[in-house]
Amino acid sequence: MDTARFLRKGFDIVPAENPDKLVELREKIFQKARQLVDYQNEDVEEFFNKFHRYESGGSSLNEKRVELVRYCSEQLDVGTALFEAFPSSIMQLVGPDILVQKTVGLVIQPPGDPDQVPIHRDSPPNSIFEVVVWLPLVDVYGTKSMFMLDRKQTDAALGLLKDPESGYEGYKRYAAHEGEILTLPFGNACFFWTGLVHGCPISTENETRWVLNVRYKNLFSPVGPKGLGEFFDLFRLSPLTRMALEYEKEVHG
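No experiment lies behind these values; they were computed from the predicted model shown. Along each chain, residues carry numbers from 1 onward, in the same order as the chain's sequence is written. Whole-chain, interface and lining totals are the exception, using all residues; otherwise, since this is a predicted model, local features are given only for residues with pLDDT of at least 70 and side-chain atom pairs are given and counted only at 80 or more. The side-chain numbers reported here are obtained from all heavy atoms of the structure, hydrogens and water having been left aside.

(A) Just the packing of aromatic side chains, in detail. Side-chain rings of Phe, Tyr and Trp, where Trp is taken by its six-membered ring, are said to pair if the distance between their centres is within 6.5 Å; with planes under 30 degrees apart they count as stacked, over 60 as edge-to-face, and otherwise as tilted. The tally for this structure, following the rule as stated, stands at 16 aromatic pairs. Relative to Phe47, the ring of Phe30 lies with its centre 5.2 Å away and its plane at 70°, an arrangement referred to as edge-to-face. With Phe30 in helix 2 (residues 19-35) and Phe47 in helix 3 (residues 44-49), the pair connects residues that are 17 residues apart, well separated along the chain. Exposure remark for Phe47: the relative accessible area of 0% places this residue in the buried category. In textbook terms, an aromatic cluster arises when at least three aromatic residues are bridged by ring pairs, as seen for Phe30, Tyr39, Phe47, Phe48, Phe51, Tyr54 and Trp210. For a lysine, the NZ atom is tested; for an arginine, the CZ atom; a charge sits over a ring if that atom is within 6 Å of the ring centre and within 35 degrees of the ring normal. The residue whose ring lies beneath Arg26 is Phe186, and the NZ or CZ to ring-centre distance is 3.8 Å. A run of DSSP states H or I qualifies as a helix once it reaches four residues; a run of E qualifies as a strand once it reaches two. Both are numbered from the N-terminal end. Classification of residues uses two cut-offs on accessible area relative to the type maximum, computed with a 1.4 Å probe and protein chains only: under 20% is buried, over 50% is exposed, and between them is partly exposed.

(B) View of helix 4 (residues 58-74). If you check helix 4, its first and last C-alpha atoms are 24 Å apart, about what 17 residues at 1.5 Å a residue would give, namely 24 Å. Residues Ser60, Leu61, Lys64, Leu68, Val69, Tyr71 and Cys72 constitute the buried set of helix 4. Where helix 4 is buried, its residues contact helix 2, helix 5 (78-85), strand 3 (105-109) and strand 9 (209-218). The length a helix should cover is 1.5 Å for every residue beyond the first. Contact criterion: two residues are considered in contact whenever any of their non-hydrogen atoms come within 4.5 Å of each other.

(C) Representation of the side chain of His198 in the model. With respect to the helices, strands and loops of the structure, His198 is situated in strand 8 (residues 198-199). Side-chain polar atoms of His198 contact the backbone oxygen of Leu196, separated by 3.0 Å. The definition of a polar contact used here is a pair of N or O atoms within 3.5 Å, where within protein one atom must be able to donate a hydrogen and the other to accept one, and adjacent residues in sequence count solely through side-chain atom pairs.

(D) Spotlight on the packing of helix 2 against helix 5. Under this scheme, a helix contributes an axis fitted over its contacting stretch, all axes are lines through C-alpha atoms, and angles between N-to-C directions fall in the 0 to 180 degree range. Relative orientation of the contacting elements helix 2 and helix 5 amounts to 155°, with a least axis distance of 7 Å. By the criterion of interaxial angle, the relationship of helix 2 to helix 5 is roughly antiparallel. Judged by the sense of rotation from one axis to the other, the crossing of helix 2 with helix 5 is left-handed. Contacts between helix 2 and helix 5 involve Lys21, Leu22 and Leu25 on the former and, on the latter, Val78, Ala81, Leu82, Glu84 and Ala85. Gly falls in the polar group here, along with every residue not listed as nonpolar (Ala, Val, Leu, Ile, Met, Phe, Trp, Tyr, Cys, Pro) or charged (Asp, Glu, Lys, Arg). Split by residue class, the contact of helix 2 with helix 5 holds six nonpolar, no polar and two charged. If an angle is under 35 degrees, it is roughly parallel; if it is over 145, roughly antiparallel; if it lies from 65 to 115, roughly perpendicular; otherwise it is oblique. Working rule for handedness: look at the near helix, and if it is turned counterclockwise from the far one by less than a right angle, call the crossing left-handed; if clockwise, right-handed.

(E) Just the state of the cysteines, in detail. Only a pair of cysteine sulfur atoms within 2.5 Å counts as a disulfide in this structure description. Summed over all chains, the structure comprises zero disulfides. Looking at the unpaired Cys200, the closest cysteine sulfur is the one in Cys190, lying at 11 Å.

(F) Broad picture of the side chain of Ser238. In this fold, Ser238 is placed in the loop between strand 10 (232-236) and helix 9 (239-252). There is a polar contact of 3.0 Å between the side chain of Ser238 and the side chain of Thr241. Apart from residues no more than four positions distant in its own chain, Ser238 is found in contact with Pro96 and Asp97.

(G) Structural view of helix 5. Within helix 5, seven of the eight residues are buried, leaving the element largely enclosed by the surrounding structure. For helix 5, the complete set of buried residues consists of Val78, Gly79, Thr80, Ala81, Leu82, Phe83 and Ala85.

(H) Molecular detail of the pairing of strand 7 (residues 188-193). Counting buried positions over the six residues of strand 7 gives five, a clear majority of the element. Judged from the five bridges that link them, strand 1 (residues 11-15) and strand 7 form a sheet pairing that is antiparallel. Pairing of Phe11 across the sheet is with Phe192, part of strand 7. Whether two strands pair depends on DSSP finding at least two bridges between them. Pairing of strand 4 (residues 130-136) with strand 7 involves four bridges; the strand directions are antiparallel. If you follow Val131 over to strand 7, its bridge partner there is Trp193.

(I) Structural context of the pattern of salt bridges. Only one rule defines a salt bridge in this text: a Lys or Arg side-chain nitrogen within 4 Å of an Asp or Glu carboxyl oxygen. Summed over the entire model, instances satisfying the criterion amount to 13 salt bridges. In this structure, the salt-bridge partner of Arg215 is Asp122, at a minimum N-O distance of 3.0 Å. You can see Arg215 sitting in strand 9 and its partner Asp122 sitting in the loop between strand 3 and strand 4, a full 93 residues away along the chain. Exposure remark for Arg215: the relative accessible area of 10% places this residue in the buried category. A salt bridge links Glu207 to Lys144; its shortest N-O distance comes to 2.8 Å. In this pair, Glu207 sits in the loop between strand 8 and strand 9 while Lys144 sits in the loop between strand 4 and strand 5 (147-148), placing the two residues 63 residues apart along the sequence. Take Glu207: its relative accessible area is 19%, and that puts it in the buried class. Each member of the salt-bridge network shares a partner with another, and the members are Asp2, Arg5 and Asp12.

Take a look at the structure:
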């Protein structure tokens, strides 16, 4: 993690320190996902990239996505897997006392799918004191990826959004034109601040985009609308915090 670049831009693309953790995680998701469609081979990359060949899309695709989100959130410890893959990056950004998002985000976007999330930023409604780990399960590039505005570009885009002469259409055109298209081979993640504007174009590539996203934040940072228990789980405590919390429990019961 280049923290100077992250502070300047609000995001950074980071190769995994322990890529085997990501390979293991992807394999588990593959084994579950292949049960949901008629796929008999063992080629993980071919399965994810050509998933649109085995899935009709629409409500059927959404049902499978919901099932996989449930599986990832309840049966796979994705938060731990990502931390073990990128330990120093997460620690540099949020410190040793860490909360992790309870429900994993999963995007499965086939080629030409017009059902896109509008250009947006995650804060609000999420807290500005969070970092998103955006992890593709496939190589992403061009329209198979997403575009990200840096901090200065985000300020400019929000200015257009507030301007009645440009409004949402001007904001949308600016973001799509000025945003950086992210190129990430599998084994890399984009760490980005929740305050950045970003979005996804309709994919013209002949491959399906699969992306996990998980948020981390510091235990002692302002909570925002989504807090501990509802949206986050306690993930990691520093020795000092653990000792202090034990003391608080002894004193106050």
